[in-house]
Amino acid sequence: MNSIRADFPILSRQFRDQEIVYLDSAATTQKPQVVIDAISHYYEHYNSNVHRAAHVMAGEATEAFEGSRAAIGRWINSELSSEIVFTRGTTEGINLVAQVLGDANKLRAGDEIVITEMEHHSNIVPWQMLAQRTGATLRGIKVKLSGELDLDDAAEVINERTRILAFGHVSNALGTVNPVEDLLAMAAHYGAITVIDGAQAALHQMVDVQALGCDFYCFSGHKMFGPTGIGILYGKQVLLEELPPWQGGGEMIERVTLQASTYQKPPYKFEAGTPNIAGAIGLGAAVAYIESLELASLNAAEDALVKKTISGLKQIPGIQLVGEPANRSSVVSFIVDAAHPHDVGTLLDQQGVAVRTGHHCTMPLMDALDVPGTVRASFSLYSNDDDVTRLLDGVQKALTFL
Ligand SMILES: *Cc1c(COP(=O)(O)O)cnc(C)c1O
């Protein structure tokens, strides 16, 4: 909280003589100076392409790039660093998996792909496209008004026709922490392939992919203090070996003739073209930074802020919380009886309080909960008491204009 704020230069940015209150960390987190420096240092001192030329700087770039991969693998406890594929982000990771599962003929007409009603669009649309390509059916596990998954419904929807189960670890719209182990056990019972969207979880839950036992786990660097344009797809080695490549090009091949090519081993098989080298190095720096923090106490302090926000909002007449999951992380969504979420967002913005309003890329969830959208305050490890006070004051003041 206050101890780590000095690491994030942007947090001292002023707006009308006050610090900006940044409560939009679920959209993207701010970056600590060490991440910004790691990226500049690469461009200033050893900018080169990786894996290719035989010169000093290329060697350093390759070492830093592969060092990041290994560090990220250790951080999520993958068995092998070759199970860590660099992507542009969560969206690209899910698209990659959906595409190659289709190419590998893992689905036929009549098979079912199961997701949930609370998924981010990036964990819906790629599966719709795969269903359309293969004749498979896409089904969604229902969400209760509490913002939690209906596990009775899950037990029916997940069945012997389920080939793929894809779901979010933590909801970006409501903050719900899903019962990952229960869902994975249901999928395992039917031998379904499991894909977890960990975009909101990577920073807040310590992810241990071996303990989870999922087949694929995707996340984005920019939601865990790293840069945009870089993300991770974790995949079990046996699957990465078995599945066909995604994009073709340089880096992913072993030998090419005009007629045919042989491919590299994972992860390179899935990394065609020059990768986002600076992004990977920046993400490695973000992981090192996170490892240097007292995560347990920071997470506890963040939980306290979330609770304080919830109880503060409950005391304001005319405010309704959207979703009250028992197990919640970092996000509070609400609506104001008298106003559209966008208007509330604008009134907060005028007071220097940054929140997100709208459907949060979860239109089916908004439909299921029967709301047009929400105002979402989302926290991170650098959020503090002042952020909560200014949010609550800001909402009170906004109400006087509505
Ligand atoms: C942000 C987010 C995504 C998409 O991540 P990108 O970085 O935009 O690819 C997917 N799922 C959830 C839950 C998210 O919060």
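Caption draft 1: Just the overall build of the chain, in detail. The secondary structure content of the chain amounts to 14 helices and 17 strands. For 402 residues, the compact-globule formula gives about 21 Å, and the C-alpha radius of gyration of the chain, at 22 Å, lands near that figure. Principal axes of the C-alpha set define a box for the chain whose edges measure 70 × 55 × 35 Å. By the burial criterion, 56% of the 402 residues in the chain qualify as buried. Restricting to contacts in the chain with at least 6 residues of sequence separation, those with at least 24 account for 71%. Per element, the accessible surface of the chain, about 16,800 Å² overall, is 50% carbon and sulfur. A gap of 4 Å separates the mean positions of the 29 positive and 47 negative side-chain charges of the chain.

Caption draft 2: Representation of the packing of aromatic side chains in the model. Going through the model one piece at a time under the given rule, you end up with 10 aromatic pairs. Plain terms: the ring middles of Phe 8 and Tyr 289 are 5.8 Å apart, the flat faces sit at 75 degrees to each other, and that makes the pair edge-to-face. Taken together, the residues span a long stretch of sequence, with Phe 8 in the loop between helix 1 (2–5) and strand 1 (14–15) and Tyr 289 in helix 10 (residues 277–292) at a distance of 281 residues. Members of the aromatic cluster, connected to one another through ring pairs, are Phe 8, Phe 225, Tyr 289 and Tyr 382.

Caption draft 3: Up close: the site of the ligand. Surveying the vicinity of the ligand reveals the residues Gly 89, Thr 90, Thr 91, His 120, Ser 122, Asn 172, Asp 197, Ala 199, Gln 200, Ser 220, His 222 and Lys 223. Here the residues of the shell around the ligand are counted per class, giving one nonpolar, nine polar and two charged.

Caption draft 4: The sheet that holds strand 9 (residues 216–220), seen in detail. With mixed pairing, seven strands are arranged side by side in an open sheet as 4-10-9-8-7-5-6. Both edges of this open sheet fall to strand 4 (84–87) and strand 6 (137–141), since each of them pairs with a single strand only. Averaged over all neighbouring strand pairs, the angle between strand axes comes to 20 degrees, with direction disregarded. Two strands pair when backbone bridges link them, and strand 5 (residues 112–116) and strand 7 (residues 162–168) are joined in this way by three bridges, in the parallel orientation. Bridge assignment links Glu 112 to a residue of strand 7, and that residue is Thr 162. Contacts from helix 4 (residues 90–103) reach strand 4, strand 7, strand 8 (193–197), strand 9 and strand 10 (231–235), with the element oriented near 150 degrees to strand 9. Contacts between helix 5 (residues 125–134) and the sheet are confined to strand 5, strand 6, strand 7 and strand 8, with strand 5 contributing the most and set at about 165 degrees to the helix.

Caption draft 5: Region of the structure containing unusual backbone geometry. In this model, Pro 266 is joined to Pro 267 through a cis peptide bond whose omega is 5 degrees. Along the chain, the position of Pro 267 falls in the loop between strand 12 (261–263) and helix 10. Although it is not a glycine, Asp 17 adopts a positive phi angle of roughly 65 degrees. Tracing the backbone through its elements, the reader meets Asp 17 in the loop between strand 1 and strand 2 (18–19). Assessed through its relative accessible area of 76%, Asp 17 is described here as exposed. Its identity as a non-glycine residue notwithstanding, His 360 has a phi of 55 degrees, on the positive side. With respect to the secondary-structure elements, His 360 resides in the loop between strand 16 (356–358) and helix 13 (363–369).

Caption draft 6: Up close: the pattern of salt bridges. Overall, the coordinates contain 15 salt bridges when judged by the stated rule. Note that Arg 69 and Glu 271 form a salt bridge whose closest N and O atoms lie 2.8 Å from each other. You can see Arg 69 sitting in helix 3 (residues 56–75) and its partner Glu 271 sitting in the loop between strand 12 and helix 10, a full 202 residues away along the chain. As far as burial versus exposure is concerned, Arg 69 and Glu 271 are alike and both buried. Between Lys 314 and Glu 324 there is a salt bridge, with its nearest N and O atoms 3.1 Å apart. Here Glu 324 lies in the loop between strand 13 (319–321) and strand 14 (331–336) and Lys 314 lies in helix 11 (residues 295–314), a separation of 10 residues in the sequence. The structure contains a network of salt bridges with shared partners spanning Glu 112, Arg 139, Glu 160 and Arg 161.

Definitions and cut-offs
- Residues numbered from 1 in each chain as written.
- Predicted model: local features only at pLDDT ≥ 70, side-chain atom pairs only at ≥ 80, totals over all residues.
- Heavy atoms only, no water.
- Helix = DSSP H or I, 4+ residues; strand = E, 2+ residues; numbered from the N terminus.
- Rg over C-alpha atoms; globule rule 2.2 N^0.38 Å.
- Buried < 20%, exposed > 50% of the residue type's maximum accessible area, 1.4 Å probe, protein only.
- Contact = heavy atoms within 4.5 Å.
- Areas by Shrake-Rupley, 256 points an atom, 1.4 Å probe, with all protein chains shown as cover.
- Lys, Arg positive; Asp, Glu negative; His and termini not counted.
- Charge placed at Lys NZ, Arg CZ, Asp CG, Glu CD.
- Phe/Tyr/Trp six-rings, centres within 6.5 Å; stacked < 30°, edge-to-face > 60°.
- Near = heavy atom within 4 Å.
- Nonpolar A, V, L, I, M, F, W, Y, C, P; charged D, E, K, R; others polar.
- Pairing = 2+ DSSP bridges.
- Axes fitted to C-alpha atoms, helices over the stretch in contact; angles between N-to-C directions.
- Salt bridge = Lys/Arg side-chain N within 4 Å of Asp/Glu carboxyl O.

So, to be careful, I would describe these as geometric facts and stop short of saying anything about function.
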